[in-house]
Amino acid sequence: MSERRPFHRQQARRWWAHKPYLAYTVRELSGVAVALYGAILLAGLICLWRGPEAYADFQRILRSDGAFAVHLVLLAAVLWHVVTWFQILPKTMPKLILGGRQVPQRQVTAIALLVAMVCSAALLVVVVAIGAMS
Amino acid sequence: MSDTTVSSNVPAKTVQLRVLRYRPASDREPAFVNYRVAYSDDMSVLQALQSIKDTQDGSLSFRWSCRMAVCGSCGMMINGEPKLACNTFVRDLAPNTVIIEPLQNFPIERDLVVTVGDFVKKIESIYPYIIPKAPKPIEDGAYLQTPAQMASYESFSDCINCMLCYAACPQFGVNPDFIGPGAMAMLQRYNGDSRDGGRQFRLDQIHGEDGVWSCTAVGICSEVCPKQVDPANAVNQNKTNSALDFFLHYLQPRSQP
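All figures in this text were calculated on a predicted structure; none of them were measured in a lab.

Asks: It is not clear to me how the domain arrangement of chain B should be interpreted in this structure. Could you clarify?
Replies: Frequently, the measure chosen for interface size is the accessible area removed from exposure when the parts meet. All names here are of chain B. For chain B, the domain assignment lists domain 1 (14–114) and domain 2 (117–251). Using C-alpha coordinates to define each centre, domain 1 is positioned 30 Å away from domain 2. Facing the 15 residues of domain 1 at the interface are 14 residues of domain 2. The junction of domain 1 with domain 2 conceals about 1000 Å² of combined surface from both sides, 69% of it contributed by carbon and sulfur atoms. Summed over the three residues of domain 1 that lose the most area to domain 2, namely Pro-82, Asn-105 and Phe-106, the buried surface amounts to 49% of that side. Where domain 1 packs against domain 2, one counts 0 salt bridges. Put simply, the parts of the chain that give the side of domain 1 that touches domain 2 at least two residues each are β3 (75–78) and β4 (81–84). Grouping the amino acids of the side of domain 1 that touches domain 2 by side-chain chemistry returns 10 nonpolar, 4 polar and 1 charged.

Pasting the structure below:
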């Protein structure tokens, strides 16, 4: 009656493809888009270093419809990565205590997201301004 | 009062419970068994299981104690989600069949009862008690703490060791030696306490893959927690602490405990 024979159940092999883990999987995959963006930027820098002709080729490729479509998809994925990254942010830091009370995690996410948007907009303005002046 | 009389004459609503059963002495592997139970609007899944045990099959095994979400004994998978059976209500799940399984990621001892030995060892390994910074005689009075100092660890002390977070953690499913969310919440409860001086002992327990570094911030542990302990926060803020401690130990050789 009291025989002990613990049964080990295996976790589903494709756990990452099912709810509630699918959101996590998409978040992690969207990080690949950030790497691809970096790779495109790096390719541009290498073309710039190799000379005006190579750089003109790089610009021509960027103007193609295919490149435009890829960039739309990458932009969407990177924006999703930004939002979900800041949702994780409050999990990675100690509780923020102000005036003896904890600042809600949602508020931390909202403020960080706002700062990121303002910084990105400022950077865009600077780049456009420099482009217009040169 | 007349309402009560009327409703008691109405035939009781029933719901089907599909329970994963495993009797180690006779079963090769777990198998589902269906039961039909009459339920009222205030009936929890735990009460439904108790009604099966009382009236249909006395051999059905499950853990429970307080039946009010304080003891953490009745954790199980209900329709695939880790839940406390005592604060999950049949009315929210009926008329569909309710699928009940033992907690995911743990070995099954019998029916809905899982092995908790490893989890208890993990809790023990992180020194789950206050280690004073220096000896303090009683004559010197009580330790004082401001509300802000208390707020920095208080929610982590709400953990009831129900292990739902472990059942929700796919990384614990992959690596059973991963210290896991619950034990890390307990660790942070003490490391975050201004009266405690045992931080270094605990940090020494959480380096490496079996420490915090198996975590990939999936975050479902915090979502299933019935006490809003936020174990994902406990694990992830200690990745920073573990990394800092790794680099600092090169700079300042530390004395042996």
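Asks: When you look at the interface of chain B and chain A in this model, what are you seeing that I'm missing?
Replies: Opposite the 42 residues of chain B that make contact, chain A presents 25 residues. Interface of chain B and chain A: buried area, both sides summed, is about 2600 Å²; carbon and sulfur atoms make up 50% of it. When the shortest N-O distance is used, the salt bridge between A:Arg9 and B:Glu101 registers 2.8 Å. Counting the contacts that link chain B with chain A gives 18 residue pairs in polar contact (both at pLDDT 80 or more). Sorting the residues of the side of chain B that touches chain A by element identifies β6 (108–110), α4 (147–151), α5 (164–168), α6 (170–174), α9 (220–224) and α10 (231–251) of chain B as the ones contributing at least two each. It is α10(B) that contributes the most residues to the side of chain B that touches chain A, 5 residues altogether. Of the residues in the side of chain B that touches chain A, the class split is 23 nonpolar, 13 polar and 6 charged.

Asks: I tried to follow the packing of aromatic side chains on my own but got confused; where do I start?
Replies: What describes a pair of aromatic rings is the distance from one ring centre to the other and the angle between the planes of the rings. Here the structure, examined in full by the defined rule, presents 13 aromatic pairs over all chains. Centre to centre, the rings of A:Trp85 and A:Phe86 are 5.3 Å apart; their planes meet at 85°, and the pair counts as edge-to-face. Judged by relative accessible area, A:Phe86 falls into the buried class, the value being 14%. The cationic tip of A:Lys95 hangs over the ring face of B:Phe156; the distance from NZ or CZ to the ring centre is 4.4 Å.

Conventions and cut-offs
Residues numbered from 1 in each chain as written. Chains lettered and ligands numbered in written order. Predicted model: local features only at pLDDT ≥ 70, side-chain atom pairs only at ≥ 80, totals over all residues. Heavy atoms only, no water. Domains from an automatic or database assignment. Contact = heavy atoms within 4.5 Å. Buried area = accessible area lost by both parts, 1.4 Å probe. Salt bridge = Lys/Arg side-chain N within 4 Å of Asp/Glu carboxyl O. Helix = DSSP H or I, 4+ residues; strand = E, 2+ residues; numbered from the N terminus. Nonpolar A, V, L, I, M, F, W, Y, C, P; charged D, E, K, R; others polar. Polar contact = N/O pair within 3.5 Å; in protein donor to acceptor, adjacent residues only side chain to side chain. Phe/Tyr/Trp six-rings, centres within 6.5 Å; stacked < 30°, edge-to-face > 60°. Buried < 20%, exposed > 50% of the residue type's maximum accessible area, 1.4 Å probe, protein only. Lys NZ or Arg CZ within 6 Å of the ring centre and 35° of its normal.

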